[in-house]
Amino acid sequence: MSAQDKTPLLGVSQPISLAHPDAKDILLTEQLVETLKKCNSYEPKAETEKRMEVLRSLNRLVKEWVKNVTAIKIPSGEGANAGGKLFTFGSYRLGVHSSGADIDTLAVVPRHIDRTDFFTSFKEMLNQDPNVTELHAVEEAFVPVMKLKYSGVELDILFARLALKEVPDTQELSDDSLLKNLDQESVRSLNGCRVAEQLLKLVPRQNNYCVALRAIKLWAKNHGIYSNSMGFFGGISWAILIARACQLYPNASPSRLVHRMFFIFATWTWPHPVLLNELNSERTDVGALIDLVWDPRRKSTDRFHLMPIITPAFPQQNSTHNVTRSTMQVIRTEICEGLEICRDISEGKCGWDALFKEVNFFSRYKHYIEEELNYGGFLESRIRLLVQSLERNQDIVIAHNDPNKHKPSPNAKFDVSPENKRITLWFIGLEFVEHTKSLDLTSEIHRFKTNVELQASGVKGIGPNCTVEIDMFYVKRNKLFQIISNADLIRGRHWKKPLVPPIPLNQLGKSNITRTSSTSSVPTTPTTLNPPSIALSASTSELESTTTTPNNGTPVSRKRVIQESTTTEVMTSSDGVPPEKQIRESSLEESSVVEMFVQVVEQSVVQEMVSTTNDFEHSEQKVQAEPQSV
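Being a predicted model, the structure only gives us computed values, none of them experimental.

With that settled, consider the overall build of the protein. Along its length, the protein carries 17 helices and 16 strands. Looking at the protein alone, contacts between residues at least 24 apart form 75% of all its contacts between residues at least 6 apart. Summed over its atoms, the accessible surface of the protein is roughly 28,200 Å², and 49% of this surface lies on carbon and sulfur atoms.

In structure tokens, the structure reads:
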């Protein structure tokens, strides 16, 4: 039997190529691994051994806790073998965790142990352990969790109760029947472990997959597109994209997989879903859980997901439902730039460090909204709601939130003292449409502040006696030094637009998706339904397709413009609203902004041609159409 015949074929379609690595691929992979090590993507052996010892200790604590609770609830002694087990998931389970990263764990217990026991008696047991520090319970989260440090190692511990009398050391979680009769919190908690197990089963060569995934995670973090809560892709989404590349190129080396991942998804016809296995929404053996499966044919809300990436474990769900129009555009642009860098690496024009170099967020835009927040952890997941509100403003092309939080400069002037350790700064970069004269953000910001303050009053840990303060104002890039440290302002390289930008969103939906017999059951956005997103600015999409006549009378194609204001002033409206902070070029005054009115006076236009051609290398042109039917 030939080597080609032994290649495992996985996924919902046939692979694009079965080619094995050549000498160049092997050399590039060696260079990739060496660069990842320099970036601390691999942890030292001593740290690995410490993590294993911590997990063994916590596993013993879980068993001891289950034994103690069982003795109280079942005094007859029938539950002597109740067991209990600690599972791992996330980057640690996939083998791609970096030095200093936390460990995602799941405590699985038998049916007579409930969640109340977890957040009372088990929490008390942890509090009494001298190795435990910084213990914090988030009982009311969508997925309830306890966060802590054990011997200096950060961990998140979830809880799941199985409908079983005992949970032995040999217990596995892959059987779908285990989900029957479970509460929703347990189903969500089990999902992380089940997805990680399925991912490892659905990739042909795990070692190659892990190296490529390490590279993509490092790249995404350094390019500011690694945060599910902020509307970008989280770790599981990037893991699925690399897994799909592995299925389409099952014999490829890690360096080639990184390159191909960028190529596949630079040409992907969103909102076509990314799938690793077949969806099955017709099952009758799992009861109400079938309603959790992502299926736009049955659920109208699923039709409006912009970049669906579906988890492989039942119930299959979209891992990117938080993506907004702006974050979608940013992600697609970064993928196109990654493709260009990988091409340069392949041609010997640069090394892998060019791909992983951190990008300076403040080099992207000329205009920003700065948010001063206390209780930043609570508000972090809600910032994307402000972004979505800003996107609905017809004068805003992109509202790009920086997923990295910042601490205020010691000399910054705020309504809340910078000494308050709860204060966190977040920034949203703004790109305006052409010829914008004024920009009224009063309603968007006022509505966001009101909603967040109402939500905060009912959150455990904040409570009615604590105040959530939000201070928001407009600032130009050349005034950022008054707010954050110079180190934050200059860290990383300047962002540059890719030579071949992503295909405009309003043209993606026009691509014909050809299904093979193996993907005929995959639900996609119905052809009778318009794609969920319009171009980021409906007012500019028409301009891109029209022509204009310059001074010499010669018609030329209309060019896309990015505005750069030379004089910008912020004023507040006076419709019965108290006076708020007014930010001008010369000063930052002290008072909270509930309303904003941005006046753009003088505009200088930086023109850049919008290209919709796929100027990829010749060897890639032959397979350009293939990913569309995957």
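Structure's up, so let's keep going.
So, on to helix α9 (residues 325-346). The periodicity of an α-helix, 3.6 residues per turn, causes residues three or four places apart in sequence to face the same way. Taking 1.5 Å per residue, 22 residues should reach 32 Å; α9 reaches 32 Å between its end C-alpha atoms and fits that length. Of all 22 residues in α9, 20 are buried, a share of seventy percent or more.

Let us now look at the packing of aromatic side chains. Evaluated as defined, the whole model comprises 18 aromatic pairs. Between F265 and W270 the ring centres are 6.3 Å apart and the planes differ by 25 degrees, which places this aromatic pair in the stacked class. For the ring pair F361 and F362, a centre distance of 5.6 Å and an interplane angle of 80 degrees mean the geometry is edge-to-face. Residue F361 shares its accessibility class with F362, and that shared class is buried. Site record: aromatic cluster; members linked through ring pairs are W65, F118, F119, F122 and F159. The residue whose ring lies beneath R188 is F142, and the NZ or CZ to ring-centre distance is 3.8 Å.

For the rest of this paragraph, the subject is the side chain of R382. Relative to the assigned elements, R382 resides in the loop between α11 (376-380) and α12 (383-391). In this structure, R382 is buried with no salt-bridge partner, the nearest side chain bearing the opposite charge being E140 at 9.0 Å. Each residue touching R382, except ones within four places of it in the same chain, is listed here: F448, V452 and Q455.

Moving on, we get to the pairing of strand β2 (residues 103-109). Along a regular strand, successive side chains alternate from one face of the sheet to the other. Burial analysis of β2 places seven of its seven residues in the buried class, which makes it a mostly covered element. Alignment of strand β1 (residues 85-89) against β2, held across five bridges, turns out to be antiparallel. Across the sheet, residue T88 finds its bridge partner in β2, namely T105. Sheet topology places β2 next to strand β5 (residues 153-161); seven bridges connect them, and they run parallel. Residue pairing across strands places V108 opposite A160, the latter belonging to β5.

What follows covers helix α7 (residues 235-248). Between its first and last C-alpha atoms α7 spans 20 Å; for 14 residues at 1.5 Å apiece the expected length is 20 Å, and the two agree. Taken as a whole, α7 has its buried residues at S237, W238, A239, I240, L241, I242, A243, R244, A245, C246, Q247 and L248. Of the surrounding secondary structure, the elements contacted by the buried residues of α7 are α3 (90-94), α5 (184-201), α6 (206-222), α8 (254-266) and α9.

Going through the model one piece at a time under the given rule, you end up with 22 salt bridges. Note that K149 is salt-bridged to E134, the shortest N-O span being 3.6 Å. Of this pair, K149 sits in strand β4 (residues 145-150) while E134 is found in strand β3 (residues 132-138), placing the two residues 15 residues apart along the sequence. Ionic pairing is found between D295 and R297, a salt bridge with its closest N-O pair at 3.0 Å. Assessed through its relative accessible area of 1%, D295 is described here as buried. Counted as one network, the salt bridges with shared partners bring together D291, D295, R297 and R298.

A word on unusual backbone geometry. Note: most residues except glycine have negative phi, and most peptide bonds are trans. Along the chain, W270 connects to P271 via a cis peptide bond; the corresponding omega equals 10 degrees. Mapped onto the elements of the fold, P271 is located in the loop between α8 and α9. Of note in the backbone geometry, S151 takes a positive phi value of approximately 55 degrees without being a glycine. You can see S151 is positioned in the loop between β4 and β5. Classification of S151 by relative accessible area gives partly exposed; the value is 30%.

With that out of the way, let us pick up the state of the cysteines. All chains considered together, the criterion is met by zero disulfides. Its sulfur unpaired, C210 is 9.0 Å from the next cysteine sulfur, which belongs to C246. C210 gets classed as buried once you look at its relative accessible area, which sits at 15%.

Moving on, we get to the nonpolar core. Judged by nonpolar contacts, the single largest core of 126 residues is most densely connected at L106, Y209, W219, W238, V258, F262 and L355. Sort the elements by how many residues they give to this core and α6 lands first, with ten residues. Not counting the four nearest positions on each side in its chain, L106 is found in contact with K85, L86, F87, F89, L158, F159, A160, L173, S189, L190 and C193. In terms of nonpolar packing, the next biggest core, distinct from the first, is built from 29 residues, Y92, L126, L155 and F159 among them.

Time to look at the sheet that holds β1. With mixed pairing, the five strands of this open sheet are ordered in space as β1-β2-β5-β4-β3. Among the strands making up the open sheet, the edge pair consists of β1 and β3. Adjacent strand axes in the sheet meet at a mean angle of 25 degrees when their direction is disregarded. Taken together, the five bridges between β4 and β5 define a ladder with antiparallel strand orientation. Counterpart to K149 in the pairing with β5 is E154. Across the sheet, helix α2 (residues 45-73) is in contact with β1, β2, β4 and β5; its angle to β5 comes to roughly 35 degrees. Strands β2, β3, β4 and β5 of the sheet are contacted by helix α4 (residues 115-128), whose axis makes an angle of about 165 degrees with β3.

Moving on: empty space enclosed by the protein. Per the stated rule, a full pass over the model turns up ten cavities of 30 Å³ or more. Approximately 150 Å³ is the volume attributed to the second largest cavity. In this structure, the second largest cavity is lined by 17 residues; those nearest its centre are V359, N360, F361, D402 and N404. The residue makeup of the lining of the second largest cavity, split by class, is four nonpolar, seven polar and six charged. Domain assignment of the residues forming the lining of the second largest cavity places at least three in each of domain 1 (23-39 + 203-355) and domain 3 (361-494).

It is worth spelling out the environment of M307 at this point. Among the structural elements, M307 can be located in the loop between α8 and α9. The spacing of M307 and V274 is 33 residues in sequence and 8.4 Å in space, taken between C-alpha atoms.

Interhelical geometry of α7 versus α8 gives an angle of 100 degrees and a closest axis separation of 9 Å. Taken together, the axes of α7 and α8 lie roughly perpendicular to each other. Contact residues: W238, L241, I242, R244, A245, C246 and L248 in α7; L257, M261, I264 and F265 in α8.

Basis of the calculations
- Residues numbered from 1 in each chain as written.
- Predicted model: local features only at pLDDT ≥ 70, side-chain atom pairs only at ≥ 80, totals over all residues.
- Heavy atoms only, no water.
- Helix = DSSP H or I, 4+ residues; strand = E, 2+ residues; numbered from the N terminus.
- Contact = heavy atoms within 4.5 Å.
- Areas by Shrake-Rupley, 256 points an atom, 1.4 Å probe, with all protein chains shown as cover.
- Expected span 1.5 Å × (residues − 1).
- Buried < 20%, exposed > 50% of the residue type's maximum accessible area, 1.4 Å probe, protein only.
- Phe/Tyr/Trp six-rings, centres within 6.5 Å; stacked < 30°, edge-to-face > 60°.
- Lys NZ or Arg CZ within 6 Å of the ring centre and 35° of its normal.
- Lys, Arg positive; Asp, Glu negative; His and termini not counted.
- Salt bridge = Lys/Arg side-chain N within 4 Å of Asp/Glu carboxyl O.
- Pairing = 2+ DSSP bridges.
- Disulfide = S-S within 2.5 Å.
- Core = buried A, V, L, I, M, F, W, Y, C linked by side-chain atoms within 4.5 Å.
- Axes fitted to C-alpha atoms, helices over the stretch in contact; angles between N-to-C directions.
- 1 Å grid on protein atoms, 1.4 Å probe; cavity = no way out; pocket = protein on both sides within 12 Å on 5 of 7 lines; lining within 4 Å.
- Points joined across faces, edges and corners; volume = space filled by probe spheres on them.
- Nonpolar A, V, L, I, M, F, W, Y, C, P; charged D, E, K, R; others polar.
- Domains from an automatic or database assignment.
- Parallel < 35°, antiparallel > 145°, perpendicular 65-115°, else oblique.

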